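Residues per chain are reported as follows:
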Amino acid sequence: MSAGTENAASEVILIQDTRMEVLISEDAIQNRLKAMAAEINAQYKDSQNLVVIAVLKGAFLFLADLVRYITVPCEIEFVRLSSYGNQMHSSGQVRPVDLSLPNLADRDVLIVEDIVDTGLTMQFFTEYLRSLHHTRSLRLAVLLDKPEARKPEAKELVLDFVGFTVGNDFMVGYGLDKAGLCRNLPFVARVIQ
Ligand code: 5GP
């Protein structure tokens, strides 16, 4: 299940040198995360060995808030992948910066990612996990899904838990950056060029 964004036009604001329009408020994010966590808690209610893997840097706030609503026992791991560099469009090249993980054999694995755009990053990472680790299950929770940007190479990618479906714009805030800035904003905004 996912929620669309209400598209009531909001004002253009200038923060950290970026013109933007708030798309998803802090309250809307928190309400949606509670509902997502309820779905996740139901999915893993019988799991004894859930591992949540957050993809840095963008997922740090999403992870921190989501896991506080998750009530099933879980371990938390981090990987760092990069595909945008300082640009506002995907380079198409996924750069694994840090993929160190414990043995995930027979574990229930939930990947937590900020946004799926072309899908190439998650396509790479799910294939990497499947080829190296015999997990018991592998699912994906994403805050934002940009389906219009999906590349054909990633069309098979399944997003199990989706926060919000958004249009094909560049998003900032709530972990998402523009050239390193704006990650600390408590809302998600669309950059206005
Ligand atoms: P994909 O491989 O699906 O194209 O993109 C995955 C990564 O690119 C995300 O984890 C995120 O770091 C970055 N990304 C994709 N779309 C956006 C966006 O709209 N805003 C920002 N700030 N980063 C994005």
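An account of the accompanying structure is given in this report.

Quick notes on the rules
- Residues numbered from 1 in each chain as written.
- Predicted model: local features only at pLDDT ≥ 70, side-chain atom pairs only at ≥ 80, totals over all residues.
- Heavy atoms only, no water.
- Phe/Tyr/Trp six-rings, centres within 6.5 Å; stacked < 30°, edge-to-face > 60°.
- Helix = DSSP H or I, 4+ residues; strand = E, 2+ residues; numbered from the N terminus.
- Buried < 20%, exposed > 50% of the residue type's maximum accessible area, 1.4 Å probe, protein only.
- Salt bridge = Lys/Arg side-chain N within 4 Å of Asp/Glu carboxyl O.
- Axes fitted to C-alpha atoms, helices over the stretch in contact; angles between N-to-C directions.
- Parallel < 35°, antiparallel > 145°, perpendicular 65-115°, else oblique.
- Left-handed = near helix turned anticlockwise from the far one by under 90°.
- Contact = heavy atoms within 4.5 Å.
- Core = buried A, V, L, I, M, F, W, Y, C linked by side-chain atoms within 4.5 Å.
- 1 Å grid on protein atoms, 1.4 Å probe; cavity = no way out; pocket = protein on both sides within 12 Å on 5 of 7 lines; lining within 4 Å.
- Points joined across faces, edges and corners; volume = space filled by probe spheres on them.
- Nonpolar A, V, L, I, M, F, W, Y, C, P; charged D, E, K, R; others polar.

**Brief notes about the packing of aromatic side chains**
Overall, the coordinates contain two aromatic pairs when judged by the stated rule. On the numbers, 6.1 Å between centres and 20° between planes, the contact of Phe-124 with Tyr-128 is stacked. Taken as a pair, Phe-124 and Tyr-128 lie in helix H3 (residues 120-132) at a separation of four residues, close to a single helical turn. Exposure remark for Phe-124: the relative accessible area of 28% places this residue in the partly exposed category. Here the aromatic cluster, defined as three or more aromatic residues joined through ring pairs, consists of Phe-124, Phe-125 and Tyr-128.

**Details of the pattern of salt bridges**
For the structure shown, the criterion picks out ten salt bridges. Here Lys-45 makes a salt bridge to Asp-46, at a shortest N to O gap of 3.7 Å. Relative accessible area serves as the criterion here: at 61%, Asp-46 is assigned to the exposed category. One salt bridge connects Asp-65 with Arg-68, and the closest N-O pair in it is separated by 3.0 Å. Of the two residues, Asp-65 and Arg-68 are both situated in helix H2 (residues 60-69); the distance of three residues between them amounts to about one turn of the helix. Linked through salt bridges whose partners overlap, the residues forming this network are Glu-21, Asp-169 and Arg-190.

**Considerations on unusual backbone geometry**
Along the chain, Leu-56 connects to Lys-57 via a cis peptide bond; the corresponding omega equals 5°. Topologically, Lys-57 is positioned in the loop between strand S4 (50-56) and H2. The backbone of Ala-179 sits at a positive phi, close to 50°, despite the residue not being glycine. Mapped onto the fold, Ala-179 is located in the loop between strand S10 (171-172) and strand S11 (188-191). For Ala-179, a relative accessible area of 48% gives the class partly exposed.

**Quick notes on the packing of helix H1 (residues 26-43) against H2**
The contact between H1 and H2 brings their axes to 8 Å, and the two run at 55°. With respect to each other, H1 and H2 are oriented oblique. Regarding H1 and H2, the two cross each other, and that crossing is right-handed. In contact with Gln-30, Leu-33, Lys-34, Met-36, Ala-37, Ile-40 and Asn-41 of H1, H2 contributes Phe-62, Asp-65, Leu-66 and Tyr-69.

**Description of the nonpolar core**
Counting 31 residues, the largest nonpolar core has Leu-66, Val-112 and Leu-144 as the members making the most contacts within it. When residues of this core are traced back to their parent elements, those giving at least two are strand S3 (18-24), H1, S4, H2, strand S7 (108-116), strand S8 (137-145) and strand S9 (161-165). With five residues, the top contributor of residues to this core is H1. Sequence-distant contacts of Leu-144, defined by excluding residues within four places in its chain, comprise Ile-24, Asp-114, Ile-115, Val-116, Phe-164, Val-166, Met-171, Leu-176 and Val-188. Residues Val-79, Val-116, Met-122 and Leu-157 belong to the second largest nonpolar core, which totals 20 residues.

**Here we look at the layout of surface pockets**
Quantified by volume, the second largest pocket comes out at close to 150 Å³. Forming the walls of the second largest pocket are Gln-123, Thr-126, Glu-127, Arg-130, Leu-138, Arg-139, Leu-140, Glu-156, Leu-157, Val-158 and Asp-160. For the lining of the second largest pocket, the elements supplying multiple residues, two or more each, are H3 and S8. Of the residues assigned to the lining of the second largest pocket, the class counts are four nonpolar, two polar and five charged.

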